[in-house]
Amino acid sequence: MRAADFLVSTVVVLFLVVAGAYSAYALWDNSQVYAAADNVQAELLQFKPKAGADNGASFEELLGINPDVCAWVTLDNTAIDYPVVQGEDNNYYLKHSFEGESVNAGCIFMDCEASADWSDRNTFVFGHNMRDESMFGSFKNLLKGTVSCGENPYFYIYTEDKVYIYEIFAYYETRSTSDRFATFTSDASYDDYVQWATEHSLYASDVDLSARGNIVSLSTCYGSAGTKKRALLHGVLTETVNN
């Protein structure tokens, strides 16, 4: 009987030791993922294009690191300030950094089927919802209401020769299977899309959408890993600046 009790106790102790070791490793691994994402952003910010400047040199350096780069996105009131890439599919950059390294944080990327010159009526850009608010992780603050974009409701897409300025007109929670990820070509479908978005938005915007300007939609997962919940933010093009 004592032998059996000793065996059970030994198994329990070993289990607790293994569980503790795994938890410690998981915490260390997560910290490494977040640290890597922060380091990448800090290193790349030196190449960030600037409005009203000749951005050829910046883009040439970014292209030297990754030829898939197509823009740089900056969203005011958040930590979103990253290069944007466009891959051959929408899977590769979910698990690869801007430098092409295998990382859980991935990279900010444009939909693989979108026009690289941002001329589509609705262009989607994706990024992970990281707990440390890197990548598109700071989206959650907008949806939770802890951050407001009311005073400066804009985000910026910098390309080699232009800066596209978008005014935010809606953001809300949806699902990956919803029709919110649809593209459209007709004025009627455009009007239906933006009407639904503004009616369901957590942000009340007074931006004029009657001109039917091109839209850029930023998307990230929202909730626990593997969820189909998505946070979606829409901005309409209000100004284009030639560099």
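Coordinates for the structure precede this section.
Residues numbered from 1 in each chain as written. Predicted model: local features only at pLDDT ≥ 70, side-chain atom pairs only at ≥ 80, totals over all residues. Heavy atoms only, no water.

Val84, Trp118, Phe155, Leu218 and Leu233 are the most contacted members of the largest nonpolar core, which totals 32 residues. Within the residue set of this core, elements represented by two or more residues are β1 (69–75), β2 (81–85), α3 (139–144), β5 (154–158), β6 (162–175), β7 (215–221) and β8 (229–242). Ignoring sequence-local partners within four residues, the contact set of leucine 218 consists of Leu75, Val125, Phe136, Phe139, Phe155, Ala231, Leu232 and Leu233. In terms of nonpolar packing, the next biggest core, distinct from the first, is built from 30 residues, Leu44, Phe98, Val163 and Val236 among them. (Core = buried A, V, L, I, M, F, W, Y, C linked by side-chain atoms within 4.5 Å. Buried < 20%, exposed > 50% of the residue type's maximum accessible area, 1.4 Å probe, protein only. Helix = DSSP H or I, 4+ residues; strand = E, 2+ residues; numbered from the N terminus. Contact = heavy atoms within 4.5 Å.)

So, on to the side chain of serine 217. Summarising the element assignment, serine 217 is placed in strand β7. Under the relative-accessibility criterion, serine 217 is labelled buried at 0%. A distance of 2.7 Å separates polar atoms of two side chains, one belonging to serine 217 and the other to histidine 234. With residues near it in sequence (within four places) discarded, serine 217 still touches Asn122, Thr123, Phe124, Val125, Tyr193, Leu232, Leu233 and His234. (Polar contact = N/O pair within 3.5 Å; in protein donor to acceptor, adjacent residues only side chain to side chain.)

Attention now goes to the pattern of salt bridges. A full pass over the atoms with the stated rule returns 6 salt bridges. When the shortest N-O distance is used, the salt bridge between arginine 212 and aspartate 191 registers 2.8 Å. Highlighted residues: arginine 212 in the loop between α4 (187–200) and β7 and aspartate 191 in helix α4, separated in sequence by 21 residues. Three or more residues are tied together by salt bridges with common partners; here these are Arg121, Asp187, Asp191 and Arg212. (Salt bridge = Lys/Arg side-chain N within 4 Å of Asp/Glu carboxyl O.)

Given 3.6 residues per turn, any residue in an α-helix points the same way as the ones three and four places further on. Taking 1.5 Å as the rise per residue, α4 with 14 residues should run 20 Å; its terminal C-alpha atoms sit 20 Å apart, in good agreement. Along α4, the residues classified as buried are Tyr190, Tyr193, Val194 and Ala197. All buried residues of α4 lie within an arc of 90° about the axis, which places them on one face of the element. In α4, the exposed positions that point more than 90 degrees away from the buried face belong to Asp192 and Glu199. Lining the buried residues of α4 we find β4 (122–126), β6, β7 and β8. (Expected span 1.5 Å × (residues − 1). Arc of directions from axis to C-beta.)

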